Every structure is written in C-alpha cells, then in structure tokens.
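Spelled out from the first residue to the last, the chains are:
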Amino acid sequence: MSTSVESFADLGLSDTLLKTLTEIGYETPSPIQAQCIPVLLEGHDLIGMAQTGTGKTAAFALPLMEQIDVKLMKPQALILTPTRELAIQVAEALQTYAKNLPGFHVLPIYGGQSYTIQLKQLSRGAHVIVGTPGRVMDHLERKTLNLDNLKTMVLDEADEMLRMGFIDDVEWILERTPPKHQTALFSATMPEQIRRVAQKYLVEPREIKIKSATATVAAIRQVYWQVSGMHKLDALTRILEVEEDFDAAIIFVRTKTATVELADKLSASGYAAAALNGDLNQQMRERVIEQLKSGALDIVIATDVAARGIDVPRVSHVVNYDIPYDTEAYVHRIGRTGRAGRTGNAILFVAPREIRMLRTIERATRSPIAPLTLPSRADVTNKRVTDFKAKVAEVMNAEGLDFFANIVSQIAEEQNVGAEEVAAALAMMAQEGKPLQIAGEDPRPAPAPSFERDSRPRPGSFDRDERKPRSNERFDRGDKPSFENRGERPRREERPARSAPTGDMVRYRIDVGRDHGVQVKDIVGAIANEAGIESRFIGRIGLFDESSTVELPAGMPAEAANALKRTRVRGLPINLRPDEGRPDGGSSERKFDGERSFKKKSFDR
Ligand code: AMP
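Below or above, wherever it landed, is the structure these notes cover.

Rules used throughout
Residues numbered from 1 in each chain as written. Predicted model: local features only at pLDDT ≥ 70, side-chain atom pairs only at ≥ 80, totals over all residues. Heavy atoms only, no water. Helix = DSSP H or I, 4+ residues; strand = E, 2+ residues; numbered from the N terminus. Buried < 20%, exposed > 50% of the residue type's maximum accessible area, 1.4 Å probe, protein only. Contact = heavy atoms within 4.5 Å. Areas by Shrake-Rupley, 256 points an atom, 1.4 Å probe, with all protein chains shown as cover. Axes fitted to C-alpha atoms, helices over the stretch in contact; angles between N-to-C directions. Parallel < 35°, antiparallel > 145°, perpendicular 65-115°, else oblique. Left-handed = near helix turned anticlockwise from the far one by under 90°. Nonpolar A, V, L, I, M, F, W, Y, C, P; charged D, E, K, R; others polar. Near = heavy atom within 4 Å. Polar contact = N/O pair within 3.5 Å; in protein donor to acceptor, adjacent residues only side chain to side chain. Domains from an automatic or database assignment. Arc of directions from axis to C-beta. Pairing = 2+ DSSP bridges. Salt bridge = Lys/Arg side-chain N within 4 Å of Asp/Glu carboxyl O.

Summing up its helical and strand segments, the protein has 20 helices and 20 strands in all. Expressed as a percentage of its 605 residues, the buried residues of the protein come to 55%. Here the contacts in the protein between residues at least 6 apart in sequence split such that 78% fall between residues at least 24 apart. Roughly 26700 Å² of accessible area belongs to the protein as shown, and the carbon and sulfur atoms make up 51% of that amount.

Right, here's the structure in full:
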C-alpha cells in the first residue's frame, strides 16, 4: 500500500471509534484516510481528490464524528451529496461508525421523500444531516433546518454536483452557513468551477491527492469481471474451477471479517482455504504461508497488509475480490503471482460503480485489463466431467480392479441390467459430494461498462424541476407519495413509471443490489409477477450495493409472502424479509387497504 501509516491508532482517533473500526473489521487506513484524518482532526479545511472506492467516506466521517456533542441534539455537521442514493449510503456508513456512540443520530434528507416525514424527523433532531442540495436548500429557506451549531460541512463528489447542475444550490447553502466551521470538499476531478468554489469558501485548505503512481506490471494476464447477475462468491468458484493452470490463489478482500467469512465459505465448498489477516500473530501467519507453499492450502484470503511481501512461487492466481483503494495496492497485490519466472493471472472484480477505478488502474499501469466472460454452467459442467473422466481412467489403470469388476457383474446380473447402467449409478454416487452439474442459472451479460457512466445519473436523466422557484404550494403538496414529489428524483431507471401507493407500507430487505447488476425495474417486475402485487402498489425501492429495500403494502397474504420467498431476480434468490435498519428512520403515514392490493392469484405451482 502506498502509505506508511499502518494503524488507525496512529491517526489520533478516539478509543471509541478505534474500537468500532476493529469491530467492523477495518484493519488499516486506506491512503486517503491516512492522509485526511489527521488534517481534519487538527481542524483544517481540506480538498481531497478521491473517487468512490478509495475509502473517502470514512476519511471525512470519522473526524467529523469526533466533533459531535451527542448531548446537543442539533445539526452539527452537514454533508452534501449529489444523489439521494449517495446520501443514504453515506448516512448508513455514519450509522455503522456510530455503533458505539449511543444517542448519535444521522438523518438523510433528499428530494422525492415526503416532507411530512422529513419535518417530523428534523423536529426530532439529528446530529448529522446528509442531504442533496435542493432539499437542504428547501429546508433552510423554510427554516426547518437550522445550521447555527454547524461545526463541519462536507461537499462529497463535488464534481458530480457540478455536472448535475447543483453548484449554484451548493453555493447558496455555503453562503448561509455560519462563518466558523470546518469545510471539506471531496472530488474525483478538479474542474475550474470547483476550484473557484474551494477558493471562495474554504480557508487555507490543505490539498490531499492520492497519486496514481505509474507502475509497470510484470507479464501477468490481467482480466476483470464486472459484478453482475450473480453473487461474487458463486462467480469466484465458477472462475476458479475452470481457470487453466490453477495451482494456488491469493484472494484479496478489504476487511478482516471478510477474510474469515470467505475462508469459511470456500472451505465449506471443499477448497483448502484459510484466512490471513492482522489478527493472526507472526507465527500463525508464517504457518499459513508455509501451508500455501507446501500445498496443504490452495487458497489464502488476505487483507493488503497481511499479504505484504508474500513470495510463494506456486501462486498461479491473484483475485481482487474487493477492488483495491489505489493503483499501488493493485500492483502490489498482483505482484504476488507470476513469481520465479512462472505465469501469473490476476482477476479483478469490479462493481458497476467502481468502473472509474478500473480505468485509473489501467491508465496508471499502462496495461489494458480485459473483460472476463464468466464461465457458463455448461463450461463448469464440461470441466468437471473432463476431470471426472480423467480420474476414472486413472483408477482403471490401477491394480486390483478385479474384485470390483466382479461386484459390478453381480449387480448387473441380479438387477437384470447392463454394466453401463451399473456404472452410471456408481458415477452418480461418486459425484455426491460435488455434483458434476451445477445448479442455478447463467446470469445475463452485464451492460458494457463506460468510463463516464459510473452508475451516476446523467444530467439528461434527471428531473430538474428542483431548480424552479420554490413555492408554498410545492411545500404543501409535500406529503404526496414519494415518486410523485417534485425535487430531486432518483435516477430515471429507479423511478417506476407509476404513481406511488398510498397506505400502510412495510419495508423489506432483499439480497440483490447494484453489485449484481440489478435495476429497479427487475425488482418491480419480479415482485409483480411472483406475488401478484400490481406494480402501482409497490412503494419506494432503495438500491444498495449488495442488497435493496422495497416497500410493500401491509397485510401481505401468506401465499404472496411464500411466493416471494421463492422469487429470484437476475437468477439470485431475493430472501425477502422485513427490514430492520431504516436509514430515513421514518414510518410511513399512509393508510392502505393491504388485502385489496394483492391480486387474486393462484400460487400453487
Ligand atoms: P468509499 O470509497 O468511502 O465508498 O468506501 C468503499 C468501501 O471500502 C466501503 O465498503 C467501505 O466500507 C470500505 N472501507 C473504507 N475504508 C476501509 C478500511 N480502512 N478498511 C476496510 N474497508 C474499508
């Protein structure tokens, strides 16, 4: 990794936050965190050039949380984000980091959400507000949001806010913040207008930029798979099975927790796998590496720090299961393969929103990374059958088959069948632990990635009426269901072309999200078809990386619930269950006759 700071404890964070970071499995600070956290803790303004995936959220969230007086139930930090999705994501991150701060409250506010609910939440009080510019502006104008106690202001993804036309709103807000506060501005790029805003509103800011040092990579085959339509774990096992020349692999993940979870899952699937992370003492680490060398282990799942300097020639593959924070970490990771003159293979998993990081790595390493087509079910089956045949052929050449040949003859005679049928039965028995045919469906191919898309809304796909003059009439209509509201809207594809339901809604969580290439229309379609709920009765849908939330009418009949339990989206089981964590913390006010919203439908299939 590119930084010499090895520990969060060196950055000046409180014991409470350090404890939390350990609990959530963060082992070392990412480069942007290592550089920004001390500067922000010292109270300086800051310009951070960093994109999604670098760990920038924690880079600003942790220092601002240190400044919060939990006893004072007033907004003390305001974070502006370009989209409602990002607002929710950042609020969720803060809530995670606040797990040992009882009473800490963060509130996301964004356009498209009911004003009544927001007003109630604002009047209850929050320490941190994460909001989109238009809605924050509305609340400031109407004096439903008061920034008198503001200590920190963060502009997240400032270039996106510019691209989406929110920069005037951002300036409007900046002009109305109390003069004495700290400001941090994060942006992946630094266009002239953003620089101008920084000059005008930031006071002697420190500038932090994570350099993408150019580096050459050895002759390693580099490929990436855009995460889509399948869980990463399923994709990983498919890939590992059919990769040519597979001998041993190091799989990189971000957290200590993830090393253990993935090692457990791979071991359960029959791989000789173990975790390698900073929780292991030196002796245990050495033991894992020795086992990898000797062949007692084939797969080691590691964090960056724990894998530093590993030199095991038989490592044929490096898998970047979680994308690294920067190019240097990438180069270091893939350097664990292709050693001692052998061929190396580097496989990178890239979520749609991480495409920008992929391009940065390609540019910095000056080597293109080719897309990898995920092996199909047929590919995996063929490979398993080929291996199986080879094993059978090997046994057929072995001594001492006569005894068994005799048993086969006896069975054939007793059952009055041919030897082929007996052999088929034995083959079926032999594959019981690891079936030759894999279950599940092949995912649909991912949409072609593009550098610019990065899963953020394009200006054209946005409803810009949030820039129209704000009127009381607009405010009064605020209690309309979310998708009918004006103001910032979710991306077009996230806004079903239907009016939102009115009535009691229950929020559920499902196990598919953006990382699986899932879009709102997939969720609406699956639920409408499987549970017989007309799409107009499906409420708000929140897309997250690995999961999503969906609001459905209260009073769901048992057969509809059962049908939804079996429902798959993009080939993945959704595992629908009531959602516990509610980032907006609000309860729906709407009254609704739940029963009537479920179509009569036959569920016995
Ligand atoms: P961000 O760039 O802020 O969107 O963060 C990207 C991902 O990295 C998030 O899933 C974070 O939870 C994770 N993350 C951030 N910092 C760390 C860290 N120091 N160690 C492990 N994971 C991290």
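With their axes 8 Å apart at the nearest point, helix H19 (residues 520-531) and helix H20 (residues 558-565) run at an angle of 130° to one another. In terms of their interaxial angle, H19 and H20 are classed as oblique. Between H19 and H20 lies a crossing of right-handed hand. Across the interface between the two elements, Ile527, Glu530 and Ala531 of H19 pack against Ala560, Ala563 and Leu564 of H20. When the residues that make up the contact of H19 with H20 are grouped by side-chain class, the tally is 5 nonpolar, no polar and 1 charged.

The next point concerns the site of the ligand. Near the ligand lie 15 residues; those nearest to it are Tyr26, Gln33, Gly53, Thr57 and Arg254. Contact distances for the ligand include 2.7 Å between an oxygen atom and a backbone N or O atom of Gly55. Measuring from an oxygen atom of the ligand, one finds a side-chain N or O atom of Thr57 at 2.6 Å. Relative to its unbound accessible surface of 490 Å², the ligand loses 81% to contact with the protein. Per-class residue counts for the shell around the ligand are 4 nonpolar, 9 polar and 2 charged. Both of domain 1 (8-211) and domain 2 (214-376) provide at least three residues apiece to the shell around the ligand.

Before going further, it helps to examine helix H5 (residues 115-124). A turn of α-helix holds 3.6 residues, and therefore any two residues three or four places apart point the same way. Of all the positions in H5, only Tyr115, Ile117, Gln118, Gln121 and Leu122 are classed as buried. What you see down the axis of H5 is that its buried residues fit within an arc of 160°, all on one side. H5 presents Ser123 and Arg124 as exposed residues on the side facing more than 90 degrees away from its buried surface. Regarding H5, its N-cap is Ser114, as a side-chain oxygen of that residue lies 3.2 Å from the backbone nitrogen of Thr116 further along. Just beyond H5, the residue with positive phi is Gly125, at close to 100°.

Of note, Asp245 is a non-glycine position whose phi angle comes to about 55°, a positive value. Take Asp245: it is sitting in the loop between helix H10 (232-242) and strand E9 (248-252). Judged by its relative accessible area of 60%, Asp245 is exposed. Unlike most non-glycine residues, Asn416 shows phi in positive territory, near 55°. For Asn416, the position within the fold is in the loop between helix H16 (402-415) and helix H17 (419-430). For Asn416, a relative accessible area of 70% gives the class exposed.

The strand order across the open sheet built from 7 strands is E10-E11-E9-E12-E13-E8-E14, with neighbouring strands paired in parallel fashion. Each edge of the open sheet is held by one strand with a lone partner, namely strand E10 (273-276) and strand E14 (370-371). Taken together, the 4 bridges between E10 and strand E11 (residues 299-302) define a ladder with parallel strand orientation. Paired with Ala273 across the bridge in E11 is Ile299. Contacts between H10 and the sheet are confined to strand E8 (220-226), E9, E11, strand E12 (315-320) and strand E13 (344-350), with E13 contributing the most and set at about 160° to the helix. Sheet strands in contact with helix H11 (residues 256-268) are E9, E10 and E11, and its direction is about 175° off that of E10.

Scanning the entire structure with this criterion turns up 25 salt bridges. With a shortest N-O distance of 2.9 Å, Lys232 and Asp322 are connected by a salt bridge. Here Asp322 lies in the loop between E12 and helix H13 (327-334) and Lys232 lies in helix H10, a separation of 90 residues in the sequence. The two residues Lys232 and Asp322 agree in class, both being buried. The partner of Asp579 in a salt bridge is Arg507, and the shortest N-O contact between them spans 3.2 Å. With Asp579 in the segment after strand E20 (577-578) and Arg507 in strand E15 (residues 505-510), the pair connects residues that are 72 residues apart, well separated along the chain. Of the two residues, Asp579 and Arg507, neither departs from the other in class, the shared state being buried. Connected via shared salt-bridge partners are Glu92, Arg507, Arg509 and Asp579.

On to the environment of Gly525, then. By the secondary structure assignment, Gly525 is in helix H19. Along the sequence, Gly525 and Val569 sit 44 residues apart, while their C-alpha atoms lie 8.9 Å from each other.

To continue, consider the sheet that holds strand E5 (residues 152-155). Judged by pairing direction, the sheet is parallel, and its 7 strands sit side by side in the order E3-E4-E2-E5-E6-E1-E7 without closing on themselves. Two strands bound the open sheet, and with one partner strand each, they are strand E3 (106-109) and strand E7 (206-209). Each adjacent strand pair in this sheet contributes to an overall mean axis angle of 15°, direction not counted. Here strand E1 (residues 46-49) pairs with strand E6 (residues 182-187) via 4 bridges, running parallel. By the bridge assignment, Gly48 is partnered in E6 with Phe186. In the packing of helix H9 (residues 192-201) onto the sheet, the strands contacted are E1, E6 and E7, and the crossing angle to E6 comes to about 170°.

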